[in-house]
Structure formats: structure tokens, C-alpha cells
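Next come the chains, spelled out residue by residue.
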Amino acid sequence: MEERPGDDRPQLPPPSLWPVGFAVGIVCLLVGVVISWVVAAVGAVLALVFGFLWAREVATGSPQVAGPPAEEPAPDAPAVPANVGEAAMPEPEPGERFPRSKFLEGATLGLGGVIGGIVTLPAVGFALLPAFVDQEAHEVDLGPIGDFEENKWSVVTFLQDPGQGEISRRTAFIRNNGLLGDKPSFTVISNRCAHLGCPVQSGGPLFDEDKQEIKTKNGDVLVTPTLPAAGFICPCHGGSYDQEGNRTAGPPTRGLDRYEFLIRDGRLVLGNTYSVARVEGSGKSARIKRYELAGPGQHVTGLESWLYPIQAPH
Ligand code: FES
């Protein structure tokens, strides 16, 4: 509001941009929690900086905005009372640094912030944190590598976390590819469909009569030979994959996830799962680009991959 000589209307402080910046920071932070830690970090920094500036402005008075210098009233203009223009800002009582209304305003905002934090932080913590804590990989011992016949596929079920019992039983399609140089090579594919997560089946017969049960420290591992001549097939919506787990038909957005593995003391040990877009080559000569484990239906390449929420660690 422009101040004119003789204008006795109350002069309001110019609007401040700090609350707007603070709001933008909070929005960035919330959106970032869904799509990317980088965006969340930028939002947190914005919210902190603008929140600090806003709080400082509230504590110290009117916004620190440079305005045009006040014009000297014309000599013949009627005298303006000293307190005109400060109607919204009462004079401090003698001995007070700030007007009491300022103190009440700051105290209300501060208390509101504290109460808001006390109410929302535990709720947000209980909702989000469990997905991020105690999620270290459970290594799974599948037994001696000699139990996996070379160049043959098996459907292998095992307990991901023996402490949780049968509810943690998982399935993988495993092929012993023989030696790669002097190291054993395996293909270990998850049976979780990359569309909506249904259990994918072997596209060929299962040889139940040759099923074997291997006792390990992780509990029983069941190994059933199979011949997935048609690759792997999802019964839910007809998603199809070839023997490397590459999508060949249907709605899945990428190939089947894979398990990390290592050979320890001659035994096959599984680790974390990871996602792949597409595998080039096959068997021991397959070239695999690894991505962080993505959720069902989530793209791991291209623009679409930015549209999906952050995945909790697995
Ligand atoms: S869940 Fe597998 S195709 Fe839909």
C-alpha cells in the first residue's frame, strides 16, 4: 500500500514470501518421500530455510523488505499524528521490548508447531519407519551346489527368514550354468511377477518324482526339477517370460527379478533380490544390468521410472 501524505489509513506491512517458500518446501518434502530422496532433501532444506526466515520475521516484526523511502510531508499538509500507520502494531508498554500482541502471536505459532509435531511425528514414524528398519538381507543357504544338476532347471522353495516360519517361504527358478572360467555360474530368478506380483509358474512339466528335500540351517529346501520349455508364465493376467526372465508377452513392465548369490564352502547361498529391465544373452554369458529392487508394475528404465514411489529396503 503506497503511503501518501495526509493518508490516515493504517499502513499494513507488505506481504511476506517466507510462508509461501515454507509451504513449497513442505510440498517438495512430501512429494519427495514418494518419488525421490533427492527431491525430499531439497524440500527439507527449503522448509528449514524459509521456516527459519519466517520465524525470524515473526519474532522481529515486519518483513525485511526494502521499500521506497518515506516522503516528507508537504509543508502545508495537515499534521499527521505520530501513531498513524501503526494501528495494527500497538506500542509496547513502558519497559517492554516487544508489544504484547507480538509475543502472543509468536507463542501461539510456536505452541501450535510443537503440538503439531507431537501429534504428527509419532504417527508418521509408526507408518513409515517399520519398512526401513531391520531390513537387512537374510542369507539363505540352499545346500551343496552338487545338488543342482548342470544345465537343468529346478523350482526351489526355501524359508527367507526361518524366524518367521513358513510364511516367509519363497520360490526361485534356479539353473546351474556350469563353470564360468573357474567359478560356478547360476541363474537365479524370482517367481514374483513383475506385473502385480502373482507367483509365476514354470512353462513346462515339473518332475515331482525327482523332488528332493535338502536340510539346511535355514530349514527345509525343496528342489523340484522342471523343464520350462515355454519359459515362465503368470496365471493371473497371462504375463509371459523367456528362460532368462525377459518379458515376452502380457502386461508386465520388465523382466523377472533376480537373486544375488554366492558360493560359500561349496554351497549355494542366496542374498538380496534386485530388478532387471532386460537380460542380454543367456546362461553363463548373460549380461545383466542391475537395478534397485522395484515394486510390481514399476518401470526401472525410462521416464516412467520417475513416477513410482521409493521402495523400502528389502
Ligand atoms: S500379475 Fe502376472 S501378469 Fe498380472
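Since this is a predicted model, take the numbers as computed values, not measurements.

On to the state of the cysteines. Tallied over the entire structure, the rule returns one disulfide. One disulfide bridge connects cysteine 198 with cysteine 236, the sulfur atoms lying 1.9 Å from each other. Judged by the sign of its S-S torsion, about -90°, the bond between cysteine 198 and cysteine 236 is left-handed. Of the two residues, cysteine 198 is situated in the loop between β4 (183-190) and β5 (201-202) and cysteine 236 in the loop between β8 (232-233) and β9 (240-241); the sequence distance between them amounts to 38 residues. Judged by relative accessible area, which is 18%, cysteine 198 ranks as buried. Here cysteine 236 falls in the partly exposed class, since its relative accessible area comes to 36%.

Taken together, the four strands give an open sheet; going across it, the order is β5-β8-β9-β10, and neighbouring strands pair in antiparallel fashion. Only two strands of the sheet have a single partner each, and these edge strands are β5 and β10 (247-249). Examined bridge by bridge, β5 and β8 share two bridges and lie antiparallel to one another. Opposite glutamine 201, over in β8, you have isoleucine 233 as the bridge partner.

Once that is clear, we can look at a nonpolar patch on the surface. A grouping of Val27, Val31, Val33, Val34, Ile35, Trp37, Val124, Leu128 and Phe132 is seen on the molecular surface, where their side chains present a nonpolar patch of about 730 Å² in accessible area. Sorting the residues of the nonpolar patch by element identifies α1 (18-35) and α3 (100-128) as the ones contributing at least two each. No other element matches α1, which puts five residues into the nonpolar patch. Within the secondary structure, isoleucine 35 sits in helix α1. Judged by relative accessible area, which is 31%, isoleucine 35 ranks as partly exposed.

Thresholds, definitions, all that
Here the residue numbering is sequential within each chain, running from 1 through the sequence in written order. For a predicted model such as this one, the threshold for reporting local features is a pLDDT of at least 70, and the threshold for listing and counting side-chain atom pairs is 80 or more; totals across whole chains, interfaces and linings nevertheless cover every residue. Side-chain measures were taken over the full set of non-hydrogen atoms in the model, leaving aside hydrogen atoms and water. We call a pair of cysteine sulfur atoms a disulfide when they lie within 2.5 Å. Helical segments are the DSSP runs of H or I of at least four residues, strand segments are the runs of E of at least two, and each set is numbered from the N terminus. Type-normalised accessible area, obtained with a 1.4 Å probe on protein chains alone, sets the label of each residue: buried when under 20%, exposed when over 50%, and partly exposed for intermediate values. Pairing between two strands is assigned when DSSP locates at least 2 bridges connecting them. Within this analysis, patches are made of residues with over 30% relative accessible area and no salt bridge. Like charges are joined at 9 Å or less; nonpolar side chains (Val, Leu, Ile, Met, Phe, Trp, Tyr) at 5 Å or less. Methods summary: accessible areas were calculated by the Shrake-Rupley approach with a probe of 1.4 Å, and residue burial reflects only the protein chains presented. Basic side-chain nitrogens of Lys or Arg form a salt bridge, by our definition, when they fall within 4 Å of a carboxyl oxygen of Asp or Glu.

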